[in-house]
Amino acid sequence: MPRKIIIDTDPGQDDAVAILLALASPDELEVLGITAVAGNVPLALTERNARIVCELAGRSDMPVFAGCDRPLRRKLVTAEHVHGKTGLDGPDLPDPTMPLQEAHAVDFLVDTLRREPEGSVTLCPLGPLTNIAAALGKAPEIAPRIAEIVLMGGAYFEVGNITPAAEFNIYVDPEAADIVFKSGIPITVMPLDVTHKALVTRPRNEAFRALGTPVGEAVAAMTDFFERFDREKYGSAGAPLHDPCVTAYLLRPDLFAGRHVNVEIETEGRFTTGMTVADWWGVSGRAPNATFMGDLDSDAFFALLTDRLGRL
Ligand SMILES: [Ca+2]
């Protein structure tokens, strides 16, 4: 039986790869729907990009929902400087023809979690946690029905990428993140500590292109675009492929290592708003609430990703 998941996302080139990896793995993952949220770019673009990616994967049947167009209590911060004007700059992909669902993403989340058997649905947030927090606020009774939340966000040793102290997804809506991390739902976190090990080096990028398929070409073009920014910023061997760590973890948890620790979200910091204060060394006495990943077998990760993308 494949595991039922909902992908909550703000595509984003790396979101796109994460979605493609999930759609390429139907034996293990059944994607019930994709919910878009404002983040890397505004909502009108993220929901559109989610549909573009589904069509690229040949899955125009996938229900895609638009959710919250701004954080719970703050002005939206976007990241066109990383992802380009559309959020999906790089490949030349056609406009989507599949429809956007009429229901609001938050209603889809609530209705699905009420309908599906308790403990059978895993949520995979790849952007700011606004939709998830809004669903928990609207229908608190869904919390114990969620099997697990596996999310990309936060950082500890790698600290921040949008401010010196904060990772983008958490920084954009720290109040939403605070609600999610206090929810009591089992949480697995893919922070920058892990995603900065998932670097698209030149040979890894060429392996995508060598698939010789529209998906392989598109992913290579996306990571080419992404890399321009990241190489300037980090001077690293390639761009970190953040969000696919979430879907890869669902397929191969053995590729990741981390610790079950307490994670608090800074919502009032003078310099540190949006920081994930992870008690890595167990000094706070606060109860663990999340498995915070720290390491990744990156060669096996890219082998898995390239193999699966080749199936689309
Ligand atoms: Ca994302």
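First, a word on scope: everything that follows refers to the structure included in this document. Note that this is a predicted model, so its numbers are computed, not measured.

Turning our eyes to something else, we now look at the overall build of the protein chain. Scanning the protein chain from terminus to terminus reveals twelve helices and twelve strands. Radius of gyration (C-alpha) of the protein chain: 18 Å, near the 20 Å computed for a compact globule of 312 residues. Taken along the three principal axes of its C-alpha coordinates, the protein chain extends 50 × 45 × 40 Å. A total of 312 residues make up the protein chain; the buried ones form 60% of that total. When contacts within the protein chain are restricted to residue pairs at least 6 apart in sequence, those whose partners lie at least 24 apart make up 82%. In the structure as shown, the protein chain presents an accessible area of about 12100 Å², 52% of it carried by carbon and sulfur atoms. Once the 28 positive and 44 negative side-chain charges of the protein chain are each reduced to a mean point, those two points are 2 Å apart.

For the rest of this paragraph, the subject is the nonpolar core. Counting 55 residues, the largest nonpolar core has Ile7, Ile34, Phe208, Phe256 and Leu305 as the members making the most contacts within it. Counting residues per element, this core draws most heavily on helix α1 (residues 13–23), which supplies eight residues. Those residues in contact with Phe208 that sit more than four places away from it in its chain are Val200, Gly216, Glu217, Val219, Ala220, Thr223, Leu241, Phe302, Leu305, Thr306 and Leu309. Residues Ala105, Ala143, Ala177 and Phe292 belong to the second largest nonpolar core, which totals 38 residues.

Now for the coordination of the calcium ion. Here the calcium ion is held by the protein donor atoms Asp10 (OD), Asp15 (OD), Asp15 (OD), Leu126 (O) and Asp243 (OD), which lie 2.2 to 2.6 Å from it. Read in sequence order, the donor residues coordinating the calcium ion give the pattern D-x4-D-x110-L-x116-D. Here Leu126 lies in the loop between β4 (121–125) and α5 (130–138) and Asp15 lies in helix α1, a separation of 111 residues in the sequence. There is no split in this pair, since Asp15 and Leu126 are both buried.

Below, the discussion takes up the packing of aromatic side chains. Tallied over the entire structure, the rule returns seven aromatic pairs. Centroid distance Phe65 to Phe108: 4.0 Å. Interplanar angle 15°. Geometry classified as stacked. One end of the pair, Phe65, is in strand β3 (residues 64–66); the other, Phe108, is in helix α4 (residues 105–115), and 43 residues separate them in sequence. Since its relative accessible area comes to 6%, Phe65 is described here as buried.

Before going further, it helps to examine unusual backbone geometry. Going from Pro11 to Gly12, the amide bond is cis rather than trans, its omega being -5°. As for its placement among the helices and strands, Gly12 is situated in the loop between β1 (3–9) and α1. Within the chain, Val159 stands out as a residue other than glycine whose phi angle is a positive 60°. Relative to the elements of secondary structure, Val159 occurs in the loop between β5 (146–152) and α6 (168–172).

Locating Ser120 in the fold gives a position in the loop between α4 and β4. Residue classification places Ser120 among the partly exposed positions, given a relative accessible area of 22%. Residues Ser120 and Val215, spaced 95 residues apart in sequence, show a C-alpha to C-alpha distance of 30 Å. Ignoring anything within four residues of it in the chain, the contact list for Ser120 reads Lys4, Arg145 and Ala147. Here Pro117 takes part through its backbone oxygen, which lies 2.6 Å from a polar atom of the side chain of Ser120.

The next subject is the state of the cysteines. A full pass over the atoms with the stated rule returns zero disulfides. For Cys68, which is in no disulfide, the shortest distance to another cysteine sulfur is to Cys124 and amounts to 18 Å. Unpaired in this structure, Cys245 has its nearest cysteine sulfur neighbour in Cys124, at a distance of 13 Å.

Reading guide: rules and limits
- Residues numbered from 1 in each chain as written.
- Predicted model: local features only at pLDDT ≥ 70, side-chain atom pairs only at ≥ 80, totals over all residues.
- Heavy atoms only, no water.
- Helix = DSSP H or I, 4+ residues; strand = E, 2+ residues; numbered from the N terminus.
- Rg over C-alpha atoms; globule rule 2.2 N^0.38 Å.
- Buried < 20%, exposed > 50% of the residue type's maximum accessible area, 1.4 Å probe, protein only.
- Contact = heavy atoms within 4.5 Å.
- Areas by Shrake-Rupley, 256 points an atom, 1.4 Å probe, with all protein chains shown as cover.
- Lys, Arg positive; Asp, Glu negative; His and termini not counted.
- Charge placed at Lys NZ, Arg CZ, Asp CG, Glu CD.
- Core = buried A, V, L, I, M, F, W, Y, C linked by side-chain atoms within 4.5 Å.
- Donors = N, O, S within 2.8 Å, 3.2 Å for Na, K, Ca; no water.
- Phe/Tyr/Trp six-rings, centres within 6.5 Å; stacked < 30°, edge-to-face > 60°.
- Polar contact = N/O pair within 3.5 Å; in protein donor to acceptor, adjacent residues only side chain to side chain.
- Disulfide = S-S within 2.5 Å.

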